[in-house]
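Observations on the three-dimensional arrangement
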Amino acid sequence: MMISPEKLRNIPQLADDQFIMRPVRLSDAEDMFEYGSDEVVVQYLPWGPYRSLEEVESGIEEFFLKRPEKGLPPAYAIVWKENGKMIGTCDFHSVDQENNTGGIGFVLNRGYWNKGIMTRASKLLIEMGRNHLGFRGVTLDHRPENDTAARIAEKLGFSMKGQRDHRYMAGQESRKMVHWELVFTEN
Ligand SMILES: CC(C)(COP(=O)(O)OP(=O)(O)OC[C@H]1O[C@@H](n2cnc3c(N)ncnc32)[C@H](O)[C@@H]1OP(=O)(O)O)[C@@H](O)C(=O)NCCC(=O)NCCS
């Protein structure tokens with residue numbers, strides 16, 4: 001099922017006590033450079049480390065700002081309320097139209113790790129996917145070494161479905177990834 005352009009245009013802003021989630025903007029480049037140039041942060045990701053601000057800006061234009069025209073929801077930037085800093089992203093980087101599910105991705109500035117932030121941000125994203133986009137479930141794929149991503153999937157109630165070859169973006173090499181699914185049951 002295709003997501004309607006109407007829904008993609010009206011993506012809601014999400015919020016927690018400590019952060020808000022709103023679409024990524026070009027002006028996020030400096031904050032994105034801070035975590036995107038950190039080799040520890042990007043070690044299991046299919047991009048980075050970024051070497052210059054220009055590289056981040058073209059990355060934002062290519063991978064984030066073009067999403068609605070590709071039929072994908074905008075990616076959320078997580079903005080820490082206390083200081084207004086953009087500390088990471090949490091998004092549906094892919095949509096499986098046949099199964100009507102969204103594939104989740106996330107990354108966070110290392111200074112904010114292990115406070116439960118991404119578990120909470122992912123919960124908000126998943127609710128939005130369920131209620132606003134009408135998904136029947138969500139999926140998460142991570143590298144086998146990425147135990148933190150596995151722990152988040154577990155905490156969110158996903159079921160592990162084993163390993164599969166997964167291509168994060170068209171044109172990229174496919175890699176062995178651990179595949180998790182969360183199917184929404186009707187209440
Ligand atoms: C993955 C990431 C976004 C997690 O963000 P976060 O806000 O720190 O996550 P949370 O605090 O909500 O949850 C992390 C959980 O993993 C656990 N954890 C942390 N490091 C771990 C490790 N090395 N091994 C196993 N578990 C670990 C934490 O203890 C916590 O679980 P708990 O609540 O049971 O204690 C962050 O680590 C990150 O940006 N990593 C690099 C990018 C990345 O790998 N993205 C995912 C690609 S699929």
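Read on for an overview of the structure. (Residues numbered from 1 in each chain as written. Predicted model: local features only at pLDDT ≥ 70, side-chain atom pairs only at ≥ 80, totals over all residues.)

1. Considering the packing of helix α2 (residues 29–36) against helix α3 (residues 53–65)
Running from N to C, α2 and α3 cross one another at 110 degrees; their axes reach a closest spacing of 9 Å. Here α2 is positioned roughly perpendicular relative to α3, judged by the angle of their axes. The segment α2 lies against α3, with Ala29, Glu30, Met32, Phe33 and Gly36 engaging Leu53, Val56, Glu57 and Ile60. Here the contact of α2 with α3 is built from residues that sort into 6 nonpolar, 1 polar and 2 charged. (Axes fitted to C-alpha atoms, helices over the stretch in contact; angles between N-to-C directions. Helix = DSSP H or I, 4+ residues; strand = E, 2+ residues; numbered from the N terminus. Parallel < 35°, antiparallel > 145°, perpendicular 65-115°, else oblique. Contact = placed C-beta atoms within 7 Å. Nonpolar A, V, L, I, M, F, W, Y, C, P; charged D, E, K, R; others polar.)

2. What about the pairing of strand β4 (residues 86–96)?
Summarising burial for β4: 9 of the 11 residues are buried, a large majority. Pairing analysis gives 4 bridges linking strand β3 (residues 76–80) to β4, with the strands arranged antiparallel. Looking at the pairing, Val79 lines up with Met86 of β4. Hairpin connection of β3 to β4: 5 residues between the antiparallel strands, including Gly84 at a positive phi of 70 degrees. (Buried ≥ 20, exposed ≤ 12 C-beta atoms within 10 Å, placed from the backbone. Pairing = 2+ DSSP bridges.)

3. Quick look at unusual backbone geometry
Each neighbour pair has its own omega, and for Gly48 with Pro49 the value is 0 degrees, a cis peptide bond. Following the sequence through the fold, Pro49 ends up in the loop between α2 and α3. If you check the backbone angles, Asn114 has positive phi at about 60 degrees while not being a glycine. By the secondary structure assignment, Asn114 is in the loop between β5 (101–108) and α4 (117–131). Residue Asn114 is classed as exposed on the basis of its 9 C-beta neighbours within 10 Å.

4. Section: the sheet that holds strand β1 (residues 14–15)
Sheets are built from strands paired through backbone hydrogen bonds, the pairs being either parallel or antiparallel. Spatially, 8 strands are ordered β1-β2-β3-β4-β5-β6-β8-β7 in an open sheet, and the strand pairing comes out mixed. Of all the strands in the sheet, the pair left with one neighbour each is β1 and β7 (159–166). As judged from the 5 bridges shared by strand β2 (residues 19–23) and β3, these two strands associate in the antiparallel manner. Paired with Met21 across the bridge in β3 is Ile78. Contacts between α4 and the sheet are confined to β1, β2, β3, β4, β5, β6 (137–142) and β8 (175–183), with β5 contributing the most and set at about 155 degrees to the helix.

5. Some points on α2
Residues Ala29, Met32, Phe33, Tyr35 and Gly36 constitute the buried set of α2. Buried positions along α2 lie against α3, β4 and β5.

6. Some points on the environment of Ala150
Along the chain, the position of Ala150 falls in helix α5 (residues 147–155). C-beta crowding within 10 Å serves as the criterion here: with 18 such atoms nearby, Ala150 is assigned to the partly exposed category. Taking the C-alpha atoms as reference, Ala150 lies 13 Å from Ser122; in sequence the two are 28 residues apart. Ala150 has contacts with His142 and Val178, leaving out every residue within four places of it along the chain.

7. A closer look at the site of the ligand
Near the ligand you find 20 residues, and of these Met118, Thr119, His142, Asp147 and Arg151 are the closest. Considering each element in turn, the shell around the ligand owes the most residues, 5 residues, to α5. Partitioning the shell around the ligand into residue classes produces 11 nonpolar, 6 polar and 3 charged. (Near = placed C-beta within 6 Å.)

8. Structural notes on the nonpolar core
Core analysis: the biggest nonpolar cluster contains 42 residues, and Ile78, Cys90 and Ala121 have the highest contact counts within it. Per-element tally for this core: the top contributor is α4, with 6 residues. Beyond its immediate chain neighbours, meaning those up to four positions away, Cys90 contacts Met21, Tyr76, Ile78, Phe106, Met118, Ala121, Ser122 and Leu125. (Core = buried A, V, L, I, M, F, W, Y, C linked by C-beta atoms within 7 Å.)

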